[in-house]
Amino acid sequence: MKLDFVRGHMGGNLIILLRGEQIPGGQELDVAVKLMGPNYLHAHEAGILYPTDKPGEIDVKIAEPTLPCFISACGGFTQVLGAALIETELGSIFGVEQDKSPARVMLYTDCGPTELTIDFSENKARVIRTDMECFVKECYERGVGPIECAGFEAVRAGKFLVINADRFKKYFPAADFINWDAQTRETLLKIQHDFQEQSGEIEPNVALYDWNPQGKGQIRVVFPHYVKDDFFEPSCGTGSVALGLALHVSGELITLKAGSDGILNLDIESGGGRELGGPEITSLDMKIVEGQVESASFSHSEVEITAVGEARF
């Protein structure tokens, strides 16, 4: 089998893009998971793209390898796709208008319609903003609020377990979020297992944060989704949105002020590695109406296309 691919990353969140019409029907998940493996393209998620009857509108299936399964949304995928639609032939394949910046693209995911706004110049994507309103709604439908797991107080934000790192260190004083030693991993897995038992969530999704930024951000985060298999995402778009929802419901955003447009902005340090925080910024915008986050969008400061080619297997 020969498949065209584009590979890129959002702050270390590794993504591959595939064309659905090149994959035999019924084999989409198996093919995507194989290509995400270490012997092939190595990625955290794969986006499978299908044309629609309208230019600039794309049907999408998103695969992840830990279960493996299709997932409803992936922010990193949308950011890498936004860059690829400007910087590779995918833009012409899917009829994306590039006469004037910004370009607008509509994705149809299992979560719902997801709009990309892509500022570009000289055939280079500069800022990609992903509208995550459908994912916000999904989170509230699943549940957003405090939850006690294995004696530890955390927050549920949809399918995400959101953990305050300073609180974790009080629960387990020897916690090491740089080297991630065996005891730290075991403690996190115990909390995560109880979370999944209580919530019924089967996907491993974790956001770990604190309010000790090292650079230009207001907060920092890492996403140790499944430490048993060494599955860390340095950056995560859905995780950043889940973090914003968790901070809102916990009251931790009370000191931040919304702009005149009612939008509250949070700059999150992430990216690069498995350590808490990172050198890049995820810029999260949230509109809060009557005590609830109504919508959210985000962009990431470091999105790159790293390879374009043909996979054979």
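Bear in mind the structure is a predicted one, so any value in this text is a computation, not a measurement.

Conventions we followed
Residues numbered from 1 in each chain as written. Predicted model: local features only at pLDDT ≥ 70, side-chain atom pairs only at ≥ 80, totals over all residues. Heavy atoms only, no water. Phe/Tyr/Trp six-rings, centres within 6.5 Å; stacked < 30°, edge-to-face > 60°. Helix = DSSP H or I, 4+ residues; strand = E, 2+ residues; numbered from the N terminus. Lys NZ or Arg CZ within 6 Å of the ring centre and 35° of its normal. Core = buried A, V, L, I, M, F, W, Y, C linked by side-chain atoms within 4.5 Å. Buried < 20%, exposed > 50% of the residue type's maximum accessible area, 1.4 Å probe, protein only. Contact = heavy atoms within 4.5 Å. Pairing = 2+ DSSP bridges. Salt bridge = Lys/Arg side-chain N within 4 Å of Asp/Glu carboxyl O. Polar contact = N/O pair within 3.5 Å; in protein donor to acceptor, adjacent residues only side chain to side chain.

Undergrad: Sorry, what's going on with the packing of aromatic side chains here?
TA: Given two aromatic rings, their pairing is described by the distance between the two centres and the angle made by the two planes. By the definition in use, this model includes 7 aromatic pairs. Look at phenylalanine 168 and tyrosine 171: their rings are 6.4 Å apart centre to centre, the planes differ by 55°, and that puts the pair in the tilted class. On the criterion of helical spacing, the pair formed by phenylalanine 168 and tyrosine 171 is a turn pair, its members being 3 residues apart in helix H5 (residues 165–171). Note that lysine 61 overlies the ring of phenylalanine 70, its terminal NZ or CZ placed 4.7 Å from the centroid. The positively charged end of arginine 274 is found above the aromatic ring belonging to phenylalanine 232, 4.8 Å away from the centroid.

Undergrad: Could you clarify how one ought to interpret the nonpolar core in this entry?
TA: Nonpolar side chains in soluble globular proteins generally cluster together in the buried interior. Formed by 63 residues in total, the largest nonpolar core has its most connected members in Leu17, Leu49, Phe77 and Val162. In terms of residues, this core owes the most to one element, helix H2 (residues 75–87), which gives 7 residues. Residues in contact with phenylalanine 77, not counting those within four places in the same chain, are Ile15, Leu17, Gly47, Leu49, Val60, Ile62 and Leu107. Ile163, Leu188, Ile191 and Phe232 belong to the second largest nonpolar core, which has 21 residues in total.

Undergrad: Honestly, unusual backbone geometry in this entry has me stumped. Any pointers?
TA: Among all residues save glycine, negative phi is the norm, and among peptide bonds the norm is trans. Note that the residue after leucine 67, namely proline 68, is joined by a cis bond; omega there is -10°. Note that proline 68 resides in the loop between strand E4 (57–64) and strand E5 (69–71). Cis rather than trans, the peptide bond between serine 101 and proline 102 has omega equal to 5°. Relative to the elements of secondary structure, proline 102 occurs in the loop between helix H3 (90–93) and strand E6 (103–108). A positive phi angle is found at histidine 42, which is not glycine, with a value near 55°. Of the residues examined, histidine 42 reaches a relative accessible area of 39% and is grouped as partly exposed. Located in the positive-phi region is tryptophan 180, a residue other than glycine, with phi close to 50°. Assessed through its relative accessible area of 3%, tryptophan 180 is described here as buried.

Undergrad: Can you help me understand the pairing of strand E13 (residues 219–226) in this one?
TA: Residues in a regular strand project their side chains so that they alternate between the two faces of the sheet. Of all the 8 residues making up E13, 7 are buried; the element is thus mostly covered by neighbouring parts of the structure. Bridge count between strand E12 (residues 206–210) and E13: 3 bridges; the pairing is antiparallel. Paired with aspartate 210 across the two strands is arginine 220, which belongs to E13. In terms of strand pairing, E13 meets strand E15 (residues 263–270) through 2 bridges, oriented parallel. Counted as the bridge partner of isoleucine 219 is isoleucine 268 from E15. As consecutive antiparallel partners, E13 and strand E14 (residues 231–233) are separated by 4 residues, and within that stretch aspartate 230 has a phi angle of approximately 60°, a positive value.

Undergrad: What's the story with the pattern of salt bridges in this structure? I'm lost.
TA: Where charged atoms of side chains with opposite charge meet at close range, the side chains can pair. Enumeration over the complete set of coordinates arrives at 15 salt bridges. Note that arginine 19 and glutamate 21 form a salt bridge whose closest N and O atoms lie 2.8 Å from each other. With its nearest N and O atoms 3.7 Å apart, the salt bridge here joins glutamate 133 to lysine 137. Residue glutamate 133 and its partner lysine 137 are located together in helix H4 (residues 133–142), separated by 4 residues, close to a single helical turn. Shared partners join several salt bridges into a network, and the residues in it are Glu138, Arg142, Arg156 and Glu201.

Undergrad: Help me understand the pairing of strand E1 (residues 2–10) in this model?
TA: Where burial is concerned, most of E1 is hidden: 7 out of the 9 residues are buried. Bridge count for E1 against strand E18 (residues 303–312) is 9 bridges, and the pairing is antiparallel. Its bridge partner being in E18, glycine 8 is matched across the sheet by isoleucine 305. Relative to strand E2 (residues 13–19), E1 is paired through 6 bridges, and the arrangement is antiparallel. When the sheet's bridge partners are listed, arginine 7 is paired in E2 with isoleucine 16. Linking E1 to E2, which pair antiparallel, is a turn of 2 residues; within it glycine 11 sits at a positive phi near 55°.

Undergrad: What exactly am I supposed to notice about the environment of glutamate 252 here?
TA: Its place among the elements puts glutamate 252 in the loop between helix H7 (237–250) and E15. For glutamate 252 and tryptophan 211, which are 41 residues apart along the polypeptide, the C-alpha to C-alpha distance reads 9.8 Å. With residues up to four places along the chain from it excluded, the contact list for glutamate 252 reads Asn164, Tyr209, Trp211 and Leu247. In this structure the side chain of glutamate 252 is engaged in a polar contact, spanning 2.6 Å, whose partner is the side chain of tyrosine 209.

Undergrad: How do you make sense of the side chain of threonine 114 when you look at a structure like this?
TA: Tracing the sequence through the fold places threonine 114 in strand E7 (residues 113–121). In this structure threonine 114 comes out as buried when scored by relative accessible area, which is 5%. Excluding residues within four positions of it along the chain, threonine 114 makes contact with Thr78, Val105, Met106, Leu107, Thr109, Thr130, Asp131 and Cys134.

Undergrad: Which parts of the structure should I look at to understand the environment of glutamate 153?
TA: You can see glutamate 153 is positioned in strand E10 (residues 152–157). C-alpha separation for the pair glutamate 153 and valine 249, spaced 96 residues apart in sequence, amounts to 13 Å.

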